Amino acid sequence: MWFSNILKNYSNLIYFHPEWPQSLMEKFKGSCLIIPDFISMSEENSLLQEIEPHMKRLRYETEHWDGQIYLYREREQQTWNEKNQKIIKRVADASFSGSDLLSPYIHILDLHQDGYISPHVDSLRYCGRRISGLSLLSDSVMRLGHSQDGLTVDLLLPRRSLYLLSEIGRYEFTHAILKDEESTFKDVRVPRNRRISLILREFPSRNKSDDTN
Ligand code: OGA
Ligand code: MN
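Below is a summary of the structure that appears in this document. The model shown is predicted, which means the values in this text are computed figures rather than measured ones.

## Topic: the overall build of the chain
Turning to step 1, where the next piece is worked out: Within the chain, the regular secondary structure consists of five helices and twelve strands.
Turning to step 2, where the next piece is worked out: Radius of gyration (C-alpha) of the chain: 17 Å, near the 17 Å computed for a compact globule of 213 residues.
Turning to step 3, where the next piece is worked out: Dimensions of the chain, computed from the C-alpha atoms along their principal axes, are close to 45 × 45 × 35 Å.
Turning to step 4, where the next piece is worked out: Residue burial in the chain is summarised as follows: out of 213 residues, 49% are buried.
Turning to step 5, where the next piece is worked out: Intrachain contacts of the chain at a sequence separation of at least 6 include 80% that bridge at least 24 residues.
Turning to step 6, where the next piece is worked out: With an accessible surface of roughly 11100 Å², the chain has 49% of that area assigned to carbon and sulfur atoms.

## Topic: helix H3 (residues 82-95)
Turning to step 1, where the next piece is worked out: End to end, H3 covers 20 Å across 14 residues, agreeing with the expected 20 Å (1.5 Å per residue, within 8%).
Turning to step 2, where the next piece is worked out: For H3, the full list of buried residues reads Asn84, Ile87, Ile88, Val91, Ala92 and Ser95. In a view along the axis of H3, the buried residues occupy a sector of 140°, so they form one face of it. Exposed positions of H3 whose direction lies more than 90 degrees from the buried face are Glu82 and Lys86.
Turning to step 3, where the next piece is worked out: As for H3, its buried residues are in contact with helix H2 (41-55), strand E4 (106-120), strand E5 (131-136), strand E8 (162-165) and strand E12 (195-201).
Turning to step 4, where the next piece is worked out: Looking at where H3 begins, the residue whose side-chain oxygen comes 3.2 Å from the main-chain nitrogen of Lys83 is Asn81.

## Re the nonpolar core
Turning to step 1, where the next piece is worked out: Counting 33 residues, the largest nonpolar core has Ile14, Trp20, Phe28, Met142, Leu144, Leu155 and Leu165 as its most contacted members.
Turning to step 2, where the next piece is worked out: Among the elements that make up this core, the one with the highest residue count is strand E7 (residues 152-157) (four residues).
Turning to step 3, where the next piece is worked out: For Leu144, the residues in contact, after removing those within four places along its chain, are Phe28, Leu151, Thr152, Val153, Leu155, Leu165, Gly169, Phe173, Thr174 and His175.

## Quick look at the side chain of Glu52
Turning to step 1, where the next piece is worked out: Its place among the elements puts Glu52 in helix H2.
Turning to step 2, where the next piece is worked out: For Glu52, a relative accessible area of 16% puts it in the buried group.

## Remarks on the site of ligand 1
Turning to step 1, where the next piece is worked out: Contacts to ligand 1 come from His107, Leu109, Ile117, His120, Asp122, Tyr163, His175, Arg195, Ser197, Ile199 and Arg201.
Turning to step 2, where the next piece is worked out: Contact between ligand 1 and His120: an oxygen atom at 3.1 Å from a side-chain N or O atom of the residue.
Turning to step 3, where the next piece is worked out: Separating an oxygen atom of ligand 1 from a side-chain N or O atom of Asp122 is a distance of 3.2 Å.
Turning to step 4, where the next piece is worked out: Protein contacts shield 95% of the accessible area of ligand 1, which totals 290 Å² for the unbound molecule.
Turning to step 5, where the next piece is worked out: Within the shell around ligand 1, the residues separate by chemical class into four nonpolar, four polar and three charged.

Conventions and cut-offs
- Residues numbered from 1 in each chain as written.
- Chains lettered and ligands numbered in written order.
- Predicted model: local features only at pLDDT ≥ 70, side-chain atom pairs only at ≥ 80, totals over all residues.
- Heavy atoms only, no water.
- Helix = DSSP H or I, 4+ residues; strand = E, 2+ residues; numbered from the N terminus.
- Rg over C-alpha atoms; globule rule 2.2 N^0.38 Å.
- Buried < 20%, exposed > 50% of the residue type's maximum accessible area, 1.4 Å probe, protein only.
- Contact = heavy atoms within 4.5 Å.
- Areas by Shrake-Rupley, 256 points an atom, 1.4 Å probe, with all protein chains shown as cover.
- Expected span 1.5 Å × (residues − 1).
- Arc of directions from axis to C-beta.
- Polar contact = N/O pair within 3.5 Å; in protein donor to acceptor, adjacent residues only side chain to side chain.
- Core = buried A, V, L, I, M, F, W, Y, C linked by side-chain atoms within 4.5 Å.
- Near = heavy atom within 4 Å.
- Nonpolar A, V, L, I, M, F, W, Y, C, P; charged D, E, K, R; others polar.

If you want it as C-alpha cells, here you go:
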C-alpha cells in the first residue's frame, strides 16, 4: 500500500499546509491524535454486522439540519452486543479519562460514496471538550481550517483508525471530510468510498469555563 511508510509514524498522518508557525504546529499536534489499526478487520466486521441492518432501512439524506453534511444517513445507538460493547469501551477508554460526562449514545454516521461533510465546529451547546471517531469501510481525509487566519491542516484517517480532537483542534478549527474528487493527502490520492464513522462525544460540562479552556 502506498501509505505503508506513513503508517510507521503516526505524526505522518498529519499534513500542515504552508505558513504554519512552528509554535502553533506543536500546539495543534498536542490537540489531536490518530491511531491507525485501532480495531482489527474482524472487529470492523462485527460492528458492521450490528450497524448495517438498521442503516439499510434508512434513506440517504441530502439536506442536513444545518447544511453541513451531504448524502448521509445517521442514527444513535446506546446498547450493543457483547463483543461490540467491548470495542466501544476500548474506544472510550482510549479517548476519555474516565469522564462521567461521556454520552452513552454513539453517533453512527454513514456517508455515501458521493457524500461529504462541510467545514464546521461541533456545537458548543451539545458537545463537550473531546470528539473521538472510529472510521469504518474507507480511508478519508479530514481537513481542518483555522476560523480566523486561514491555516489548513489535513489528517489522513485510514480505515479502522481512531482519531481524537480536543483543545484547539476542537474549538479553533473547523473540520470537514473531503469528497472523493477532492480527497488527496500530500498530493497523493486517497479514494473515498462509502464510510461509516462511530463518533463518541462528551456532554458539555456545566461549568462553562471548563469547556472553553
Ligand atoms: C460530525 C463529524 C466526522 C466523522 O458528525 O460532526 O464531523 O468522522 N463527523 O464522521
Ligand atoms: Mn463534526
